[in-house]
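What follows is the residue order along each chain.
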Amino acid sequence: MIGLISATSAGAAARDRLAAAWPERTRVYEGPVGDAVRAAFAECEQLVCFLATGAVVRLVAPLLGDKTSDPGVVCVDEGGRFAVSLVGGHGGGANELAREVGELLGAEPVVTTATDAVGLPGLDTLGFPVEGDVAAVSRALLDGEPVALKAELTWPLPALKVTGEGDYSVRLTDRLVEATEREVVLRPPSLVVGVGASKGAPVDEVLGLVEGVLRGAGLSAASVAELATVDAKSEEPGIVRAAQRLGVPLVTYSAEELASVEVPNPSDAPLAAVGTPSVAEAAALVRGGELLVPKRKSERKDGLPAMATCAVVRRPARGRLAVVGLGPGARDLLTPRAKAELRRASVLVGLDQYVDQIRDLLRPGTRILESGLGAEEERARTAVAEARKGQAVALIGSGDAGVYAMASPALAEASDDIDVIGVPGVTAALAAAAILGAPLGHDHVSISLSDLHTPWEVIERRVRAAAEADIVVTFYNPRSRGRDWQLPKALAILAEHREPTTPVGVVRNASRPDESGRLTSLGSLDPATVDMMTVVTVGNTATRDIAGRMVTPRGYRWQTAEEGAK
């Protein structure tokens, strides 16, 4: 919960905007400011104070305890110009909150945390449990000193600006080791613990078994990603509470799923009880991995039979491929999600000219694999291959990566051994439509006129179908030096079904500094004025030129009835 505190009417107005935008996330604290801050500090994970930073410093100073547990505090000035991350930049999430508040209120986020200021990810913000001398290693990264990455297993990390050697190090491991001097240990969520339990098994017996087995195997409980069991035990109190106390989700599988998993230690007891010869081992292994600890039973001091079993599996890291649409070119049409994925990647794959557009957004240390025009399939294969190595990869394309771009070849190459994240982008058709007016107000279709990889006969059939169906058409790749006859042919097909006065929008370099757009007609368009940087939108029989804007009415029945009544 985010506590909101203000002292003036101007602050209250901005406060209320946040409260209205985030009704489920925020709570307004009224009354004397000092009392409000103290109450919110005790009750909330984060605070946004519409007060001077000096006043907030004095109010929260006596309340501060530890940076890992203190709430994040953001200050917004009276004019709403700045959102300052004051306390708990990383641990309390104040840095990200300042950015969110700034975006909502139109304020400039002010983040002074050293790693954020220079574009490095904080070692304590990677989403993993972290141990060791975070401050010293972070300072070494900031100072440009060599920092070694000691990865005992592969995991998709963002770019960390690490090297092979150095006096400082970042160790990635799920083993139970202590950080040495000048070292940070990151705990990836690589372990799955399968658990079985008799009805009424005490939580202390289940939890004691899990923790003891991990400790005995030299494995860190901080790397446990989940407890897994059979569906029949999904509400067994001892298992449910053990997962809660470990702070991990409880994942369950059907007896049929578990029965199909080959295990080294099947048993008749669980088969009779829940319908599968293995619970602990099978639940841990059902999604694959290396069995580190086979089934173990709990030991009871009272001499009674064991009531819990567990097994531990290390799952292989799944590489991460983000297919990112960069939009039509303007930086303000690049989505926040796309920016986040670019910062999340350790490897970037893309066309050289697209890489140049966003190079400044990449983290220091990001490995860039760029190539020229015509190497689309090669880039797709490269991106998937890097993800299969366990890397965090961003594959970029213009507009939306799924529209005439890199998503199709990449996903055709990928299998289910990597995680794929699609990041939508503003397409050229949408950017051009916004410039022209509202040409896509009803059904519309996009057709590429490039016959380099698609036979013209197929393209012509699609154009003819759109013409006969009276659908608005946006042409991509309409004309190049080597392909100058396709656009006239496509326009001639449309002209068989539409009047010469049908509006046509022509937009070149939509959203870029040299953007140009104009409205003409089907009978007047000169194809020689069109090139590969142009998008051509041809209206349907209802499209009109209204005040110089291209408008296609929605044409719904209720709208037709209203117009008829006028």
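A. Seen up close, the packing of helix H7 (residues 203-216) against helix H8 (residues 237-246). Put simply, H7 and H8 touch, their axes get as near as 8 Å, and they point 50 degrees apart. In terms of their interaxial angle, H7 and H8 are classed as oblique. The hand of the H7/H8 crossing is right-handed. Where H7 approaches H8, its residues Val203, Asp204, Val206, Leu207, Val210 and Glu211 are matched on the opposing element by Gly238, Ile239, Arg241, Ala242, Arg245 and Leu246. Of the residues in the contact of H7 with H8, the class split is 7 nonpolar, 1 polar and 4 charged.

B. Highlighting the packing of aromatic side chains. Tallying each qualifying case throughout the model produces 2 aromatic pairs. A ring pair is formed by Tyr404 and Tyr476, whose centres lie 4.7 Å apart and whose planes are at 55 degrees; its orientation type is tilted. Placement of Tyr404 in the loop between strand S19 (392-397) and helix H15 (407-413) and of Tyr476 in strand S23 (residues 472-476) is noted, with a sequence separation of 72 residues between them. A relative accessible area of 45% means that Tyr404 is categorised as partly exposed. On the accessibility criterion, Tyr476 (10% relative accessible area) is buried. With centroids separated by 5.1 Å and ring planes inclined at 70 degrees, the aromatic side chains of Trp456 and Trp485 adopt a geometry described as edge-to-face. Linking Trp456 in helix H17 (residues 456-468) with Trp485 in the loop between S23 and helix H18 (486-495), this pair joins segments that are 29 residues apart in sequence.

C. How the structure looks around the pairing of strand S5 (residues 82-87). Pairing geometry for strand S4 (residues 72-76) and S5, over 4 bridges, is antiparallel. Directly across from Val74, in S5, lies its bridge partner Ser85. Bridge count for S5 against strand S6 (residues 108-110) is 3 bridges, and the pairing is parallel. Following the sheet pairing, Val84 is matched in S6 by Val110. Taken together, S5, helix H4 (residues 94-105) and S6 constitute a β-α-β crossover, and its handedness is right-handed.

D. Up close: unusual backbone geometry. In this model, Asp470 sits at a positive phi of 60 degrees, which is unusual for a non-glycine residue. By the element assignment, Asp470 lies in the loop between H17 and S23. One non-glycine residue, Asn509, adopts positive backbone phi at about 50 degrees. Checked against the element boundaries, Asn509 lands in the loop between strand S24 (503-508) and strand S25 (516-521).

E. Highlighting H4. Helix length check: H4 (12 residues) gives 16 Å between terminal C-alpha atoms against 16 Å at 1.5 Å per residue, within 8%. Listed as buried for H4 are Ala94, Asn95, Leu97, Ala98, Val101, Gly102 and Leu105. Buried residues along H4 cover an arc of 160 degrees about the axis, so they all sit on one side. Gly106, located one to two residues past H4, shows a positive phi value of around 75 degrees.

F. Fine view of the sheet that holds strand S8 (residues 147-151). What the 4 strands build is an open sheet, ordered S7-S10-S9-S8; its pairing is mixed. The sheet is open, and its two edges are formed by strand S7 (130-132) and S8, each paired on a single side. The sheet shows a mean angle of 20 degrees between the axes of neighbouring strands, direction not considered. Direction of pairing for S7 relative to strand S10 (residues 183-186): antiparallel, over a ladder of 3 bridges. Along S10, the bridge assignment pairs Gly132 with Val184. Lying on the sheet, helix H6 (residues 134-142) is in contact with S7, S8, strand S9 (168-172) and S10; it crosses S9 at an angle near 115 degrees.

G. Spotlight on the pairing of strand S18 (residues 367-371). Pairing of strand S17 (residues 347-351) with S18 involves 5 bridges; the strand directions are parallel. By the bridge assignment for S18, Val349 is matched with Leu369.

H. Examining the sheet that holds strand S1 (residues 2-6) more closely. Read from one edge to the other, the open sheet built from 6 strands follows the order S2-S1-S3-S4-S5-S6, with strand pairing classed as mixed. On the outer flanks of this sheet lie strand S2 (26-28) and S6, each paired with one strand and no other. Ignoring strand direction, the axes of neighbouring strands in this sheet form an average angle of 25 degrees. This element, helix H2 (residues 33-43), spans S1, S2, strand S3 (46-50) and S4 of the sheet and lies at about 175 degrees to S1.

I. Region of the structure containing the pattern of salt bridges. Inspection of every chain in the model, using the stated rule, returns 31 salt bridges. Residues Asp204 and Arg245 are paired through a salt bridge, measuring 3.3 Å at the closest nitrogen-oxygen approach. With Asp204 in helix H7 and Arg245 in helix H8, the pair connects residues that are 41 residues apart, well separated along the chain. With respect to burial, Asp204 and Arg245 carry one shared label: exposed. One salt bridge in this structure joins Arg367 and Glu386, with 2.6 Å as the shortest N-O distance. Of this pair, Arg367 sits in strand S18 while Glu386 sits in helix H14 (residues 376-388), and the two are 19 residues apart along the sequence. Residue class for Glu386 comes out buried when judged on its relative accessible area of 7%. Within the structure, one salt-bridge network assembled from shared partners comprises Glu152, Arg171, Arg175 and Glu183.

About the cut-offs
- Residues numbered from 1 in each chain as written.
- Predicted model: local features only at pLDDT ≥ 70, side-chain atom pairs only at ≥ 80, totals over all residues.
- Heavy atoms only, no water.
- Axes fitted to C-alpha atoms, helices over the stretch in contact; angles between N-to-C directions.
- Helix = DSSP H or I, 4+ residues; strand = E, 2+ residues; numbered from the N terminus.
- Parallel < 35°, antiparallel > 145°, perpendicular 65-115°, else oblique.
- Left-handed = near helix turned anticlockwise from the far one by under 90°.
- Contact = heavy atoms within 4.5 Å.
- Nonpolar A, V, L, I, M, F, W, Y, C, P; charged D, E, K, R; others polar.
- Phe/Tyr/Trp six-rings, centres within 6.5 Å; stacked < 30°, edge-to-face > 60°.
- Buried < 20%, exposed > 50% of the residue type's maximum accessible area, 1.4 Å probe, protein only.
- Pairing = 2+ DSSP bridges.
- Right-handed = clockwise from strand over helix to strand, strands pointing away.
- Expected span 1.5 Å × (residues − 1).
- Arc of directions from axis to C-beta.
- Salt bridge = Lys/Arg side-chain N within 4 Å of Asp/Glu carboxyl O.

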